[in-house]
Amino acid sequence: MSQLPNLITSPPWWQLINWIIDPLGFQDRYSRKYGDIFTMHLGGLGPYVLVSNPQAIQEIFSQDFKFDAGRGNELGEPLVGKNSLMLMDGDRHRRERKLLMPPFHGERLQTYAKQICLITAQFASQWQIGQPFVARTAMQKISLEMILQIVFGLSAGERYEQLKPLLTDWIDMTDSPLRSSLLFLKFLQQDWGTWSPWGRMKQRQRQVHRLLQAEIEERRAKGNEARTDVLSLMMAARDENGEAMTDDELRDELLTILFAGHETTATTLAWALYQIHQQPEVREKLLKELDSLGESSPPMEIAQLPYLTAVCQETLRMYPVLPVIFPRIAKSPVQIAGQWFDAETTFMPTNYLVHYREDIYPNARQFKPERFLERQYSASEYFPFGGGSRRCLGYALAQLEMKLVLATILFKYQLALVEQKPVKLQRRGFTLAPTGGVRMVMTGRR
Ligand code: HEM
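Residues numbered from 1 in each chain as written. Predicted model: local features only at pLDDT ≥ 70, side-chain atom pairs only at ≥ 80, totals over all residues. Heavy atoms only, no water.

## Observations regarding the overall build of the protein chain
Threshold: A helix here means a DSSP run of H or I that spans at least four residues, while a strand means a run of E at least two residues long, and both kinds are numbered starting from the N terminus. For the radius of gyration, the atom set is restricted to C-alpha positions; the globular benchmark scales as 2.2 Å times the number of residues to the power 0.38. Partly exposed residues are those whose accessible area sits between 20% and 50% of the maximum for their type, while under 20% is buried and over 50% is exposed, using a 1.4 Å probe and protein chains only. We call two residues in contact whenever any of their non-hydrogen atoms come within 4.5 Å of each other. In these tables, accessible area is a Shrake-Rupley quantity obtained with a 1.4 Å probe, and a residue counts as shielded only by the protein chains included in the view. Counting rule for charge: Lys and Arg are taken as positive, Asp and Glu as negative, and neither His nor the chain ends is counted. Lysine's charge is taken at NZ, arginine's at CZ, aspartate's at CG and glutamate's at CD.
Along its length, the protein chain carries 18 helices and 12 strands. Computed over its C-alpha atoms, the radius of gyration of the protein chain comes to 22 Å, within 12% of the 22 Å expected for a compact globule of 446 residues. Principal-axis analysis of the C-alpha atoms gives the protein chain an extent of 65 × 55 × 45 Å. Every one of the 446 residues in the protein chain was classed for burial, and the buried ones make up 58%. Residue pairs at least 24 apart in sequence account for 72% of intrachain contacts in the protein chain once pairs closer than 6 positions are excluded. In the structure as shown, the protein chain presents an accessible area of about 19600 Å², 53% of it carried by carbon and sulfur atoms. Here the protein chain contributes 52 positive and 49 negative side-chain charges, whose respective centroids are spaced 4 Å apart.

## Here we look at the site of the ligand
Quick reminder of the rule: The nearness test applies per residue and asks whether one of its heavy atoms lies within 4 Å of the molecule or strand. Here a polar contact means two N or O atoms within 3.5 Å. Within protein one must be a hydrogen donor candidate and the other an acceptor candidate, and residues neighboring in sequence count only if both atoms are side-chain atoms.
Surveying the vicinity of the ligand reveals 28 residues, the closest of which are His93, Arg97, Arg328, Arg390 and Cys392. Between the ligand and Arg97 there is a distance of 2.7 Å, counted from an oxygen atom to a side-chain nitrogen or oxygen. For the shell around the ligand, the element with the highest residue contribution is helix 12 (residues 247-278), accounting for 7 residues.

## A few points about a nonpolar patch on the surface
Using the following cut-off: Like charges within 9 Å and nonpolar side chains (Val, Leu, Ile, Met, Phe, Trp, Tyr) within 5 Å are joined into patches, using only residues over 30% in relative accessible area that form no salt bridge. The term salt bridge refers to a side-chain nitrogen of Lys or Arg lying within 4 Å of a carboxyl oxygen of Asp or Glu.
Together, Trp13, Trp14, Ile17 and Ile21 give the surface a local cluster of nonpolar side chains, amounting to about 450 Å² of exposed area. Note that Ile17 resides in helix 1 (residues 12-21). Among the residues examined, Ile17 registers a relative accessible area of 37% and is labelled partly exposed.

## Observations concerning the packing of helix 12 against helix 15 (residues 306-318)
Convention followed: Each axis is a line fitted through C-alpha atoms, taken for helices only over the stretch in contact, and angles between the N-to-C directions span 0 to 180 degrees. Here is the rule for angles: anything less than 35 degrees is roughly parallel, anything more than 145 is roughly antiparallel, 65 through 115 is roughly perpendicular, and the remaining ranges are oblique. It is the rotation of the near helix from the far one that decides the hand of a crossing: anticlockwise by less than a right angle makes it left-handed, clockwise makes it right-handed. Classes in brief: Ala, Val, Leu, Ile, Met, Phe, Trp, Tyr, Cys and Pro nonpolar; Asp, Glu, Lys and Arg charged; the others, Gly included, polar.
Contact geometry for helix 12 and helix 15: axes closest at 9 Å, N-to-C directions at 110°. On the basis of the axis angle, helix 12 is roughly perpendicular to helix 15. As for how helix 12 packs across helix 15, the hand of that crossing is right-handed. Within the contact between the two elements, helix 12 uses Thr268, Trp271, Ala272, Gln275 and Ile276 and helix 15 uses Val311, Thr315, Leu316 and Met318. Across the contact of helix 12 with helix 15, the residue classes tally to 6 nonpolar, 3 polar and no charged.

## Overview of the coordination of the iron atom of the ligand
Put simply, the rule reads: Shown as donors are all N, O and S atoms within 2.8 Å of a metal ion, widened to 3.2 Å for Na, K and Ca; because water is not in the atom set, sites may appear incomplete.
Of all protein atoms, just one serves as a donor to the iron atom of the ligand, and that atom is Cys392 (SG), at 2.3 Å. Along the polypeptide, Cys392 turns up in the loop between helix 17 (371-374) and helix 18 (395-412).

## Considerations on unusual backbone geometry
For Glu344, which is not glycine, the phi dihedral falls at a positive 80°. For Glu344, a relative accessible area of 47% puts it in the partly exposed group. In this model, Val438 sits at a positive phi of 70°, which is unusual for a non-glycine residue. Assignment of secondary structure puts Val438 in the loop between strand 11 (431-434) and strand 12 (439-445).

## Concerning the sheet that holds strand 1 (residues 37-42)
Rule in force here: Only strands joined by at least two bridges in the DSSP assignment are considered to pair.
Within the open sheet, the 5 strands sit side by side as 1-2-8-5-3. Their pairing is mixed. At either margin of the open sheet sits one strand with a lone partner, and together these are strand 1 and strand 3 (67-68). Against the sheet, helix 1 engages strand 1 and strand 2 (46-51), with an angle of about 100° to strand 1. Of the strands in this sheet, strand 1 and strand 2 are in contact with helix 2 (residues 23-34), which crosses strand 1 at around 135°.

## A look at the nonpolar core
Our working rule: For this analysis, a nonpolar core means a set of buried residues of the types Ala, Val, Leu, Ile, Met, Phe, Trp, Tyr and Cys, connected via side-chain atoms within 4.5 Å.
By size, the foremost hydrophobic cluster in this structure holds 137 residues, and its most contacted members are Trp127, Met139, Phe152 and Phe347. Take this core: its biggest share by element is 14 residues, from helix 12. If we ignore the near neighbours within four places in the chain, the residues touching Phe152 are Ile147, Leu163, Leu167, Leu212, Arg219, Asp229, Leu231, Leu254 and Leu258.

## A few points about the pattern of salt bridges
Summed over all chains, the structure comprises 30 salt bridges. With its nearest N and O atoms 2.8 Å apart, the salt bridge here joins Glu370 to Lys285. Of the two residues, Glu370 is situated in the loop between helix 16 (351-355) and helix 17 and Lys285 in helix 13 (residues 280-293); the sequence distance between them amounts to 85 residues. Between Asp291 and Arg446 there is a salt bridge, and its shortest N-O distance comes to 2.7 Å. One end of the pair, Asp291, is in helix 13; the other, Arg446, is in the segment after strand 12, and 155 residues separate them in sequence. Asp291 sits in the partly exposed class, given a relative accessible area of 42%. Beyond isolated ion pairs, a larger network of salt bridges with shared partners links Arg159, Glu215, Glu218, Arg219, Lys222, Arg227 and Asp229.

## Section: the sheet that holds strand 12
One open sheet holds the 3 strands; their spatial order is 4-12-9, and the pairing between them is antiparallel. Among the strands making up the open sheet, the edge pair consists of strand 4 (132-134) and strand 9 (413-417). Taken pair by pair, the neighbouring strands of this sheet meet at an average axis angle of 40°, ignoring direction. Pairing of strand 4 with strand 12 involves 3 bridges; the strand directions are antiparallel.

## Looking at the packing of aromatic side chains
Here is the rule we go by: To pair, rings of Phe, Tyr and Trp, with the six-membered ring standing in for Trp, must have centres within 6.5 Å; the planes then decide the type, stacked if under 30 degrees apart, edge-to-face if over 60, and tilted in the middle. By definition here, charges over rings are those cases where NZ of Lys or CZ of Arg is within 6 Å of the ring centre and within 35 degrees of the ring normal.
With the rule as written, the count across this model stands at 18 aromatic pairs. When the centroid spacing of 4.9 Å and the interplanar angle of 80° are considered together, the rings of Phe341 and Phe347 count as edge-to-face. For the pair shown, Phe341 and Phe347 are each scored as buried. Counting every residue linked through ring pairs, the aromatic cluster contains Trp19, Phe26, Tyr30, Tyr34 and Phe38. Positioned above the aromatic ring of Tyr395 is the side chain of Arg391, whose terminal nitrogen or guanidinium carbon lies 3.7 Å from the ring centre.

Structure follows, in structure tokens:
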């Protein structure tokens, strides 16, 4: 048996509580004490080796066939279902990714770009001058609408009207550190009907499943040919044996995309708005760049603007939506950073600690988009979307969404922060979000 490096000595139940409440403070504390590689033991969940050394992370990403990640994500099963890409490994994961990839890349994205701008403009037009709003909530409304229209292919009708509040309600059930513990502490996962939190969560899930099943059946009956939404493309996709995805797979993948894609993008957008409006020089530079192109330019041209791109990259560097990327479980003994580890050792590469390394990002606590214009970072120095064969399925769509939502808002509106005091990160389900959601106000139209 090989020794796990730098084992944290406090009791596992205490480590778990601290991990749930403040996963970033936890990482700061122990990386100061132990350095680049250390082992935490979360009560009931087991030991994890946290890695913030780019060389070691590069070794993990480049040998990803030696690791499973899906079975390390089992905590997500109650939300996304057991047929989710996130929970798959090996050949099944490879097959599913091949089926799901095309709608999120290349030419397909161009089809969605206009929709992104239209949805943003429609939602932002409801803001009133002088009336404060919470940026994260506003961004979540926009990103949910995008998932409903672009992925589910729903924009009106009874099913859309039912699904929208139901999904919001379901997602908001883990919107604070306390309510998030439901996802981590299995003994709380008891379905005692609607008066127990887990029972209410399960009830919402059953309702959502019924609505999605009905939608899939209706599409099969009516035919999908003329449609461009992701669900239609998923239904038409075939693997190398000519097999289509089953209804259960389609349903679980829709929910996977919903959970993986909508809060993450909304939260990152809220942070971007926060930084852009906290630093007048960032906003001025962005507006200058946007105005040089003009509001009516093709969305794909707007998305290529260098400073806008750098603002989004810097936001993703500073504000991780996940406290670590997916755990990687060694399938056989493996050598990482010159040390041998047993089979079943679970590694957690941490983008948070790497993104704050002073040797890679000088003055790392400062929001400085220029650093992305001045140099290029390798895939193990900068990985907000993870890496290797598990890299975020929606990374291209997420970045396109971020840039076009920001551009559409900045072209049209003058916004300001309601309070100038610094905003901290707080746990929200499996993700991290700004405490209070960033309160903003519209001060005028441009
Ligand atoms: C700013 C927005 C987003 C961020 C920061 C983000 C980040 C991540 C990260 C860190 C991972 C884990 C990768 C790894 O462990 O190597 C991941 C996986 C994933 N993301 Fe995203 N994501 C975002 C948006 C999206 C969107 C818009 C979608 C869907 C359209 C999406 C779908 C997925 C899926 C399906 C996986 C699992 C991939 C697999 O297991 O093979 N994400 N994401």
